[in-house]
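If you want the building blocks of each chain, they are given just below.
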Amino acid sequence: NPYGGAFALDNTDKGSTRPYTILPEPITVEEAEEFACWMERFGLTQVNLHPGYGMYAHGSFEPNKEVYGDLDGFRKLVDVFHRHGIQVCLQAYTFFVGHNSSFVTPVPHKDLGYIAEFTLAEDLSIDANAVPVLETTEKVDPLAGNKIPGSAILWIDDELIHFNDAAKTAPYGFSDCERGFNNTVPAAHKKGTKVKILLGRFLVLAPKKESPLFFEVARKLAEFYNAIDADGFYLDAIDGIYILDGNEFAWYHSMLFLRELFKHLKKPAIFDCCYGPQYPSTWFLRSRMGVLDAPTRAYRD
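Residues numbered from 1 in each chain as written. Predicted model: local features only at pLDDT ≥ 70, side-chain atom pairs only at ≥ 80, totals over all residues. Heavy atoms only, no water.

Draft legend 1. Spotlight on helix α5 (residues 250-263). Over its 14 residues, α5 extends 20 Å from the first C-alpha to the last, a length consistent with the 20 Å expected when each residue adds 1.5 Å. Taken residue by residue, α5 has A250, H253, S254, M255, L256, F257, L258, E260, L261 and F262 as its buried positions. The elements touched by buried residues of α5 are α4 (212-228), β13 (232-235) and β14 (270-273). (Helix = DSSP H or I, 4+ residues; strand = E, 2+ residues; numbered from the N terminus. Expected span 1.5 Å × (residues − 1). Buried < 20%, exposed > 50% of the residue type's maximum accessible area, 1.4 Å probe, protein only. Contact = heavy atoms within 4.5 Å.)

Draft legend 2. Geometry of empty space enclosed by the protein. A full pass over the atoms with the stated rule returns one cavity of 30 Å³ or more. Estimated volume of the largest cavity: approximately 50 Å³. If you trace the largest cavity, you find it lined by Y20, Q46, N48, C89, F233, Y234, I270, D272 and R288. Looking at the lining of the largest cavity, the elements with two or more residues in it are β2 (46-49), β13 and β14. (1 Å grid on protein atoms, 1.4 Å probe; cavity = no way out; pocket = protein on both sides within 12 Å on 5 of 7 lines; lining within 4 Å. Points joined across faces, edges and corners; volume = space filled by probe spheres on them.)

Draft legend 3. Inspection of the nonpolar core at higher detail. Counting 69 residues, the largest nonpolar core has L49, F74, F81, L90, F233, L235 and L261 as its most contacted members. Look past the residues within four positions of L261 in its chain and what remains in contact with it is A218, L221, A222, F233 and L235. By size, the runner-up hydrophobic cluster in this structure holds 17 residues, among which are L120, V131, I161 and C177. (Core = buried A, V, L, I, M, F, W, Y, C linked by side-chain atoms within 4.5 Å.)

Draft legend 4. Structural detail: the sheet that holds β14. Ordered by their spatial adjacency, five strands build an open sheet running β1-β2-β3-β13-β14, and the pairing between neighbours is parallel. Two strands lie at the open edges of the sheet, namely β1 (20-23) and β14, each paired on one side alone. Averaged over all pairs of adjacent strands, the angle between strand axes in this sheet comes to 25°, irrespective of strand direction. (Pairing = 2+ DSSP bridges. Axes fitted to C-alpha atoms, helices over the stretch in contact; angles between N-to-C directions.)

Draft legend 5. Structural detail: the packing of helix α1 (residues 29-41) against helix α3 (residues 71-83). One can describe the packing of α1 onto α3 by two numbers: an axis separation of 9 Å at closest approach and a directional angle of 25°. With respect to α3, the element α1 is oriented roughly parallel. Crossing hand, α1 versus α3: right-handed. Between α1, through V29, A32, E33, F35, A36 and M39, and α3, the contact on the second element is made entirely by G73, K76, L77, V80, F81 and R83. A breakdown of the residues in the contact of α1 with α3 according to their chemical character gives eight nonpolar, one polar and three charged. (Parallel < 35°, antiparallel > 145°, perpendicular 65-115°, else oblique. Left-handed = near helix turned anticlockwise from the far one by under 90°. Nonpolar A, V, L, I, M, F, W, Y, C, P; charged D, E, K, R; others polar.)

Draft legend 6. Fine view of the packing of aromatic side chains. Counted under the stated rule, the structure contains 19 aromatic pairs. Geometrically, the ring pair formed by Y68 and F74 is edge-to-face, given 4.9 Å between the ring centres and 75° between the ring planes. Residues Y68 and F74 agree in their burial class; the two are buried. With a centroid separation of 6.4 Å and an interplanar angle of 75°, the aromatic rings of Y93 and F202 are classed as edge-to-face. Of this pair, Y93 sits in the loop between β3 (87-90) and β4 (114-119) while F202 sits in the loop between β11 (200-201) and β12 (204-205), placing them 109 residues apart in sequence. Here Y93 matches F202 in class, with each residue buried. Taken together through their ring pairs, the aromatic side chains of Y93, F95, F96, F202, F214, F215 and F257 make up a single cluster. Across the ring face of W38, the terminal group of R41 is positioned such that the distance to the ring centre comes to 4.6 Å. Across the ring face of W155, the terminal group of K196 is positioned such that the distance to the ring centre comes to 5.0 Å. (Phe/Tyr/Trp six-rings, centres within 6.5 Å; stacked < 30°, edge-to-face > 60°. Lys NZ or Arg CZ within 6 Å of the ring centre and 35° of its normal.)

Written as structure tokens, this is what we have:
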């Protein structure tokens, strides 16, 4: 990356040392004018657009239709900041996919990852609110998803089911279930059908390691960056990539993703990602030297 690694300090005007803020929720194009003026008053010349509260979808990078309509509408938001001399970076969750992504709803993508697999113990009717399985569920934690790898989402055929509890003793299964979760279609399922718990962390979901979906997310992010004429990335949640294959190979999967991403960019990118000592190989891409994923006071390195 000509803005990263050994070249980063030669390109400080490109954004490697600019003070920035994070915009975590959708604002209209009209609101962006006022927001940009406030940024100028505070000396902020870079903004990171975060998908977490509905600005765009993790993984598939579809803009919020209600606010922006389509990619052209989202590009107008970016244009406002550019007119004010403000660079725009995408604070995407790296390889993760959001619950509102087209990779998840209305039909889950075949390459979504899962952390556990069970067998349906009996036929499941379309309105049942409990899912009985043959294998033990005593170690299943419905709180998984933020701090703990996993989720509280079952995947049966093309239906997602949210569960709130799992039996600690026989008969095993999942209870207090919400059928047709995430706008998937509730359906009856046959005894013996596989029941999977979706893989995720940070309240978002993950593809299988090295699956076509894993690489497609990287390409989608590059296409989004190109289409809206963004200036860079902060790849949030890259430190969660260990859930794919353990910490030993986390560096490998992170670089697979980054290589696929950068291969499809049409212009160089200001780049940073969550600090992770297990990813020293990202150095040659990174524009912000020594950045930690924590605030500092009273000095700038």
